[in-house]
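# Inside the fold
The chain contents come next:
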Amino acid sequence: MSLALTDLCRYPIVQAPMAGGASRPGLVAAVAEAGGLGFLAAGYKTADGMYEEIREMRRASARPFGVNLFMPQPVVADPGAVEVYRQQLAGEAAWYETSLGDPDACGDDGYEAKVAILLDDPVPVVSFTFGCPAREVLDAFAAAGTLTVVTVTSAQEARNARWAGAGALCVQGVEAGGHQSTHHDDPQGGLTGTGLLSLIAQVRESVALPLVATGGLMRGSQITAVLAAGADAAQLGTAFLACPESGAHPLHKQALTDPLFVTTALTRAFSGRPARGLVNRFVREHGPYAPAAYPQIHQVTGPLRREAARTGDAQGMALWAGQGHRMVREMPAGELVGLLAAEMEAARAAVNVRSAP
């Protein structure tokens, strides 16, 4: 790994920031104590809520950790398309006996306030999703001693992040669970993306920055593979979802290996932005009609998702998961980090044996 990343963790294993409650301080601390790098997810939290989780993390562990921020999104939604989708969801609201959310109650996720807190009381790493900060922001973090990581889904985004002053890149393949971190969501672009191994090669030939690879990784052998392909570390999200320290809903954890949910798909159904999750009734019925409108659609479907979770209906929940979800292992996060590290060593040894003359 690069020197900056080597100083932060024993193993090149990063626990992905999973917004929505999964990446709670207990999970991050367990990963950090085991030798990985854990991330708190500040998305969908208030600035004060983020800071309280940072304080809780520091009480739980003295190890380095990171915080992930959502970039503010430009208004690209067609209000007419949002209203049509709201009308389509009226039946869902009646079924769950709740109201639909207000699409205009979105704001910027408290970005400026969160940046101010993280500059005033720095953490070791700050990563960014859905775009790249301005150079002055990245320079300010660098001056504060914070390593910045910009998530990218293309070589062009990687080049833009390099010119803006990013310290490292998180290269996200289309296999990844949750939202695709494209910097600009093209309404006409469709639900597509580039596979992780191909993307690592494209980005590695475009920029000379440390790379964290993410997308469908579930085993130590896969980590070894992306390191060989040019990454400096590997980030895993779905692999940690089923850990007892994860704050994911119990139904979400169960669904990862439930035979009712056999595949994943990219969908705008729940948020208006492409995100990979388990295909359930809601995705099948509404995915084809959801407009490109984030965070408006996220706001609209919020009450539906909460009521589905409260009533135990996994068919109405956003079950974010990567393509490797069937390979999830339910064990404490620290044990998982150790197992992944052992699998990495075994994979390296196997390659050495096969390469021996």
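In this report, the structure presented in the accompanying data block is examined. It should be emphasised that the depicted structure is a prediction, and the values quoted were computed from it without experimental measurement.

### As for the packing of helix 10 (residues 220-229) against helix 15 (residues 333-355)
For the pair helix 10 and helix 15, interaxial distance at closest approach is 7 Å and the crossing angle is 60°. It follows that helix 10 is oblique to helix 15 by the angle criterion. For the pair helix 10 and helix 15, the crossing hand works out as right-handed. Contacts between helix 10 and helix 15 pair Gly-220, Ser-221, Ile-223, Thr-224 and Leu-227 from the former with Leu-340, Glu-343, Met-344, Ala-347 and Arg-348 from the latter. Looking at the contact of helix 10 with helix 15 residue by residue, the classes come out as 5 nonpolar, 3 polar and 2 charged.

### As for the packing of aromatic side chains
If you walk through the whole model with that rule in mind, you get 6 aromatic pairs. Plain terms: the ring middles of Tyr-44 and Phe-70 are 5.1 Å apart, the flat faces sit at 85° to each other, and that makes the pair edge-to-face. One end of the pair, Tyr-44, is in the loop between strand 2 (38-41) and helix 3 (47-60); the other, Phe-70, is in strand 3 (residues 65-70), and 26 residues separate them in sequence. In textbook terms, an aromatic cluster arises when at least three aromatic residues are bridged by ring pairs, as seen for Tyr-44, Phe-70, Phe-130 and Tyr-294.

### Topic: the side chain of Arg-273
With respect to the element layout, Arg-273 can be found in the loop between strand 10 (264-267) and strand 11 (275-278). Asp-185 provides the closest opposite charge to the buried, unpaired Arg-273, separated from it by 4.9 Å. Within polar-contact distance, the side chain of Arg-273 engages the backbone oxygen of Gln-180 at 3.0 Å. Setting aside chain neighbours within four positions, we find Arg-273 in contact with Gln-73, Phe-130, His-179, Gln-180, Ser-181, Thr-182, His-183, Asp-185, Thr-267, Arg-268 and Tyr-294.

### Here we look at the sheet that holds strand 6 (residues 168-172)
One open sheet accounts for 8 strands, arranged 1-9-8-6-5-4-3-2; its pairing is parallel. The open sheet has two free edges, formed respectively by strand 1 (13-15) and strand 2, since each of these has just one partner strand. Strand-to-strand, the axes of this sheet are offset by a mean angle of 30°, without reference to chain direction. Relative to strand 5 (residues 147-152), strand 4 (residues 125-129) is paired through 4 bridges, and the arrangement is parallel. Directly across from Phe-128, in strand 5, lies its bridge partner Val-150. Across the face of the sheet, helix 8 (residues 155-164) comes into contact with strand 5 and strand 6 while running at roughly 155° to strand 5.

### Re the pairing of strand 4
Of all 5 residues in strand 4, 5 are buried; the element is thus mostly enclosed. In strand 4, alternate side chains face the same way, and those of Val-125, Ser-127 and Thr-129 on one face and Val-126 and Phe-128 on the other are all buried. Note: strand 3 against strand 4, 5 bridges, orientation parallel. If you follow Asn-68 over to strand 4, its bridge partner there is Ser-127. Once you follow strand 4 into helix 7 (residues 135-143) and on to strand 5, the crossover reads as right-handed.

### Examining the nonpolar core
By size, the foremost hydrophobic cluster in this structure holds 98 residues, and its most contacted members are Val-67, Leu-69, Leu-169 and Phe-240. Setting aside residues no more than four positions away along its own chain, Leu-169 makes contact with Val-149, Val-150, Val-152, Ala-158, Ala-161, Val-203, Val-207, Leu-209, Pro-210, Leu-211 and Val-212. Leu-5, Leu-37, Ala-168 and Val-212 belong to the second largest nonpolar core, which has 13 residues in total.

### A few points about the pattern of salt bridges
Taken as a whole, this structure holds 13 salt bridges when the rule is applied. For the salt bridge of Arg-86 with Glu-83, the shortest nitrogen-to-oxygen distance reads 3.6 Å. A residue pair is termed a helical-turn pair when its members lie 3 or 4 positions apart in one helix, as Arg-86 and Glu-83 do in helix 4 (residues 79-88) at 3 residues. On the basis of relative accessibility, which here comes to 23%, the residue Arg-86 falls in the partly exposed class. Given a relative accessible area of 37%, Glu-83 falls into the partly exposed group. Among the salt bridges present, the one from Arg-268 reaches Asp-185, with a minimum N-O distance of 2.6 Å. Placement of Arg-268 in the loop between strand 10 and strand 11 and of Asp-185 in the loop between strand 7 (178-179) and helix 9 (196-204) is noted, with a sequence separation of 83 residues between them. Taken individually, Arg-268 and Asp-185 each receive the classification buried, so the pair is uniform in this respect.

### A closer look at the sheet that holds strand 7
As summarised here, the arrangement of the 3 strands in space is 7-11-10, forming an open sheet in which the pairing is antiparallel. Each edge of the open sheet is held by one strand with a lone partner, namely strand 7 and strand 10. In the sheet, strand 10 pairs with strand 11 via 4 bridges, with the strands oriented antiparallel. By the bridge assignment for strand 11, Ala-265 is matched with Gly-277.

### Some details on the pairing of strand 6
Buried residues dominate strand 6, accounting for 5 of its 5 residues. The alternating pattern of strand 6 places Ala-168, Cys-170 and Gln-172 on one face and Leu-169 and Val-171 on the opposite face, and all of these are buried. Examined bridge by bridge, strand 5 and strand 6 share 4 bridges and lie parallel to one another. When the bridges of strand 6 are listed, Val-152 appears paired with Val-171. Remark: the strand 5/helix 8/strand 6 crossover connection has right-handed handedness. The pairing of strand 6 with strand 8 (residues 211-214) spans 4 bridges and is parallel. Across the sheet, Cys-170 pairs through a bridge with Val-212, a residue of strand 8.

Definitions and limits used
Residues numbered from 1 in each chain as written. Predicted model: local features only at pLDDT ≥ 70, side-chain atom pairs only at ≥ 80, totals over all residues. Heavy atoms only, no water. Axes fitted to C-alpha atoms, helices over the stretch in contact; angles between N-to-C directions. Helix = DSSP H or I, 4+ residues; strand = E, 2+ residues; numbered from the N terminus. Parallel < 35°, antiparallel > 145°, perpendicular 65-115°, else oblique. Left-handed = near helix turned anticlockwise from the far one by under 90°. Contact = heavy atoms within 4.5 Å. Nonpolar A, V, L, I, M, F, W, Y, C, P; charged D, E, K, R; others polar. Phe/Tyr/Trp six-rings, centres within 6.5 Å; stacked < 30°, edge-to-face > 60°. Buried < 20%, exposed > 50% of the residue type's maximum accessible area, 1.4 Å probe, protein only. Lys, Arg positive; Asp, Glu negative; His and termini not counted. Salt bridge = Lys/Arg side-chain N within 4 Å of Asp/Glu carboxyl O. Polar contact = N/O pair within 3.5 Å; in protein donor to acceptor, adjacent residues only side chain to side chain. Pairing = 2+ DSSP bridges. Right-handed = clockwise from strand over helix to strand, strands pointing away. Core = buried A, V, L, I, M, F, W, Y, C linked by side-chain atoms within 4.5 Å.

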